[in-house]
Amino acid sequence: MTPLISARELRVTFDVPQPGALPWSKPRQLHAVGGVSFDLMPGETLGVVGESGSGKSTLARALIGLVPATGRAVWQDGTDLIGLSPRKMLKYRSEIQMVFQDPLASLDPRMTVGQIIAEPLVTHRKGLSRAEVKTRVKDMMDRVGLLPNQINRYPHEFSGGQCQRIGIARALIVEPRLVICDEPVSALDVSIQAQVINLMGDLQRDLGLALIFIAHDLSVVKHISDRVLVMYLGRVMELAEAQALYAEPRHPYTQALLSAVPIPDPGRERAKRMIPLGGELPSPMNPPSGCVFRTRCPRAQAVCASERPALEGGAHLTACHFPGALTPQELAAAG
Amino acid sequence: MIETQKMQSLAARLSQPEVKGRSPWADARRRFRRNRAAMVSLAVLILVGLFAIFGNQIAAWPNDEMDFSVMGQAAQLGAPSWTNGHYFGTDDLGRDLFSRTVQGTQVSLMVGLIGAGIAVIVGTLYGATAGYVGGRTDAVMMRAVDVLMSIPYMFVLILLLVIFGRSMSMLFLGIGLISWLDMSRIVRGQTLSLKHREFIEAARAAGVPAWRIVLRHIVPNLLGVVAVYATLLVPLMILSESFISFLGLGVQEPLTSWGALISEGAGTMNYGTLWQLMFPLFFFCITLFAFFFVGDGLRDALDPKDR
C-alpha cells in the first residue's frame, strides 16, 4: 500500500535577524525541524510528542505549507508538496486540513459559526449554491455534536469544547484525507479532552481519515495513536507502534518522558521512578554536535558528541547509539 | 427501525428554528447606548446634521442676498431678531448670518467627513496590505508614509492653495493627501498583531486567497480601531480646514465655512457685533466636543480589554 504522505528529510529553518545588525549581514539560522522522515498510511493515526520547542507544531505547519520547508513530502499521487506553487497547492489544501490548539483564537470573532465552518467549502467547492453550503454546514455541525440551529451564533457564545468542535467541523467539511491536529485538547478541561478525543476517533473511523496528532501529553497520544513519533529539538528520537513504544521505550529521552506521566493511583505513583532530565532544552540556534539529546542524556558518551546516531531498527526505529532500558545504576546516577 | 428513528430525529434537529447570535457589534452597540455622554453627543451631532440639511428651509433670507436696510449699520440694526428674519443677526455686509452659518456648517462637516472618509478607505487598505504582506513590500510602503509625514503639511497645503488657487477641490485634495497617513500606520500595527492569530493561520491553511483574508478577516477585526480613530479624525479635519480658512486661504466667497465665519466675526468683534463671532463659534465648539465624546464612547464600547 502506498503511504498517504511520505516525508523525507523534512527541514524547516528560520532566519533570525540579529538585533542591531546591518541589513545585508547574514542572519543567524534557527533549525526548527532538522531532517524528519516518516510514512503515514491512509486511515492511520500518527502521534507526535515532545516537549515545548521540539518542533512538533512547525512540522505540522511545514506539511500544510504554512512555513517554507525543504526536503520532500510526497502525497499518495506522487506529488511533492514541498515548494508547490500556491495555485497547485490549493488542490491538496482540501485534502489536508488542520485543527488548531487554541479553540477560541482559531475562530474569527466577527464571523458566525456557519460562516466559519463554510469558509473552506466556499474556497474549495466553488460551484455550490448557498442553500447547499448551508445544508452541508448543518449536517457537519450535527455530526460533531453541535446543535445545527446555532448556525448564526458567534464563537464567543460557545464553550472551549464546543469551539474545538467548530474547529473540527471546519476541518472536516471539505472531506479531507488527512487532518493534522496541533495539540487540539491541551487547552481544554480533562473531561472535555476525553469527549473531543473520542469524537476525533469516531469521525476517523467513519470517514477513513488519517490523523497526525500532536500533543505533549503522552497519555492522550497513547489513547488515539497507531504509531508514535518522539521529537526532540527538531529531530526524531524514536518512531514505533504505540504499544511497543509505551511497553518498551528504547530511547533514553522517551523513557524520561514516559516516566513523567502521572499515574492516577497514589500507591503506584509513589513507587514509580522518575527519570529527572537536568538542564534546559538547548537552543535550536546552536544545537549540540552529534546526538542533540546528549547534553541531558544520563547515558551520553564520547561517541554521542562526535557522531549523529542514525534512525534505525526496522519497525521500532530509534536514533540512539546505546538504545535500551536504563539500568538501575544509571537511574541512580541520574537522580 | 432504529435507523428511521435516527433519521427522523436528525431531520427534526436540522429543521429547528435558527437561534440568532449576539455579534460583537451588537455587544458594542449595547455598551455604547449605556454611555450617556456619548448618546447626548450623538444627539447633538444629529441635530447639527439636521441644521445643515434643513436649515435653508427655515432661513428667512438666502445666504447671498444683502439686506440693504442694515448694511453699514450692522452694529445698530443687524443684531439677532425675530422680526426682520435675521435669527442670528447679519454680518457687516448685511448678509443673513443664520443662512451663512447653515452654509458654513455644510461646508465644514463635508470637509471633515470627506477627509475622514478618505483616511478610512485609503489608510485602512494601505495599512492592512502593508501589514499583511510584510517583508520588503511593507518596508517600502511604510517608508513612503514616513517621507510624506516628514513634509510639514500645513506649509504644503498653503503653497498648494496659493499656487493652484483657492478652491474646494484643492482643499479636499490637500486634506485627503495627508489624512490617511496616521490611519495607515495605526492599521498596519493592528494588522501585524492580527496576522499571527490562529484564525488567520486557519484561513491560510484552508487556502483562502490573501486578498480575501485581508477583506474578510483582517479588516472586520480592525474596524473597531478604525471607527474610533475616524470619529476623532473628523474634528481634526474640521480644525485644519478652519485654520486655513481663518488664515483666509480656505473656501472662497460666496462659499463659507466655520473657520471663515469665525475669522470674520473675530475681525469685527471690536465694533460690538459679538453675535457674528458667537454663533459660528457655538456650532464649531459643540460639534467638536460631540465628536470627541462620541469617539470616546466608541472606544469604550469597542475596546476588547473592557470585556
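Residues numbered from 1 in each chain as written. Chains lettered and ligands numbered in written order. Predicted model: local features only at pLDDT ≥ 70, side-chain atom pairs only at ≥ 80, totals over all residues. Heavy atoms only, no water.

**Quick word on the domain arrangement of chain A**
Residues and elements named next belong to chain A.
Point 1. Domain boundaries assigned for chain A yield domain 1 (5–18 + 25–95 + 176–334) and domain 2 (96–175).
Point 2. Domain 1 and domain 2 are separated by 29 Å when their C-alpha centres are compared.
Point 3. On the side of domain 2, 20 residues touch domain 1, which itself brings 32 residues to the contact.
Point 4. Where domain 1 abuts domain 2, roughly 2300 Å² becomes buried across the two surfaces, and 68% of that area is made up of carbon and sulfur atoms.
Point 5. Where domain 1 touches domain 2, the interface holds 0 salt bridges.
Point 6. Remark: the boundary between domain 1 and domain 2 carries 10 residue pairs in polar contact (both at pLDDT 80 or more).
Point 7. Contributing elements (two or more residues each) for the side of domain 1 that touches domain 2: helix H1 (56–63), helix H2 (86–93), strand E6 (178–182) and helix H6 (190–207).
Point 8. Per-element tally for the side of domain 1 that touches domain 2: the top contributor is H6, with 8 residues. (Domains from an automatic or database assignment. Contact = heavy atoms within 4.5 Å. Buried area = accessible area lost by both parts, 1.4 Å probe. Salt bridge = Lys/Arg side-chain N within 4 Å of Asp/Glu carboxyl O. Polar contact = N/O pair within 3.5 Å; in protein donor to acceptor, adjacent residues only side chain to side chain. Helix = DSSP H or I, 4+ residues; strand = E, 2+ residues; numbered from the N terminus.)

**Quick look at the packing of aromatic side chains**
Point 1. Enumeration according to the criterion identifies 13 aromatic pairs over all chains in this entry.
Point 2. With 5.0 Å between their ring centres and 80° between their planes, Tyr232(A) and Phe293(A) make a pair best called edge-to-face. Placement of Tyr232(A) in strand E8 (residues 227–232) and of Phe293(A) in the loop between helix H10 (266–271) and helix H11 (302–306) is noted, with a sequence separation of 61 residues between them.
Point 3. Here Tyr232(A) falls in the buried class, since its relative accessible area comes to 0%.
Point 4. Ring geometry for Phe282(B) versus Phe283(B): centroids 5.6 Å apart, planes at 80°, classification edge-to-face.
Point 5. Aromatic ring contacts, followed pair by pair, group Phe51(B), Phe88(B), Phe98(B), Phe279(B), Phe282(B) and Phe283(B) into a single cluster.
Point 6. The residue whose ring lies beneath Arg110(A) is Trp25(B), and the NZ or CZ to ring-centre distance is 4.5 Å. (Phe/Tyr/Trp six-rings, centres within 6.5 Å; stacked < 30°, edge-to-face > 60°. Buried < 20%, exposed > 50% of the residue type's maximum accessible area, 1.4 Å probe, protein only. Lys NZ or Arg CZ within 6 Å of the ring centre and 35° of its normal.)

**Comments concerning the packing of helix H2 (residues 24–34) of chain B against helix H3 (residues 36–58) of chain B**
Residues and elements named next belong to chain B.
Point 1. Relative to each other, H2 and H3 sit at 90°, their axes nearing to 5 Å. As summarised for this structure, H2 and H3 are arranged roughly perpendicular, according to the angle between their axes. Contacts from Phe32, Arg33 and Arg34 of H2 reach H3 at Arg36, Ala38, Met39 and Leu42.
Point 2. For the contact of H2 with H3, the class distribution of residues is 4 nonpolar, no polar and 3 charged. (Axes fitted to C-alpha atoms, helices over the stretch in contact; angles between N-to-C directions. Parallel < 35°, antiparallel > 145°, perpendicular 65-115°, else oblique. Nonpolar A, V, L, I, M, F, W, Y, C, P; charged D, E, K, R; others polar.)

**Structural notes on the interface of chain A and chain B**
Point 1. Each side of the interface is counted separately: chain A has 35 residues, and chain B has 30 residues.
Point 2. Taken over both partners, the interface formed by chain A and chain B buries close to 3100 Å², and the fraction arising from carbon and sulfur atoms is 49%.
Point 3. Linking chain A to chain B there are 1 salt bridge.
Point 4. Mapped by element, the contributors of at least two residues to the side of chain A that touches chain B are H2, helix H3 (113–124) and helix H4 (130–143) of chain A.
Point 5. With 6 residues, the single largest contributor to the side of chain A that touches chain B is H3(A).
Point 6. Partitioned by chemical class, the residues of the side of chain A that touches chain B number 13 nonpolar, 9 polar and 13 charged.

**Quick look at the sheet that holds strand E7 (residues 210–214) of chain A**
Residue and element names in this part refer to chain A.
Point 1. Taken in spatial order, the 7 strands make up an open sheet running E5-E6-E7-E3-E8-E9-E10, and their pairing is mixed. Looking at strand neighbours, the two that pair on one side only are strand E5 (96–99) and strand E10 (317–318), the edges of this open sheet.
Point 2. As judged from the 4 bridges shared by strand E3 (residues 45–49) and E7, these two strands associate in the parallel manner. In the strand pairing of E7, valine 48 is matched with isoleucine 214. (Pairing = 2+ DSSP bridges.)

**Points about helix H5 (residues 160–172) of chain A**
Turn by turn, an α-helix covers 3.6 residues, leaving residues three or four places apart pointing in a common direction.
Point 1. An ideal rise of 1.5 Å per residue puts 18 Å on 13 residues; H5(A) measures up with 18 Å between its terminal C-alpha atoms.
Point 2. With 11 of 13 residues buried, H5(A) is to be regarded as a mostly interior element.
Point 3. When H5(A) is considered as a whole, its buried residues turn out to be Gly161(A), Cys163(A), Gln164(A), Arg165(A), Ile166(A), Gly167(A), Ile168(A), Ala169(A), Arg170(A), Ala171(A) and Leu172(A).
Point 4. Along its buried surface, H5(A) packs onto E5, H3, H4, E6 and H6 of chain A together with helix H9 (198–205) of chain B. (Expected span 1.5 Å × (residues − 1).)

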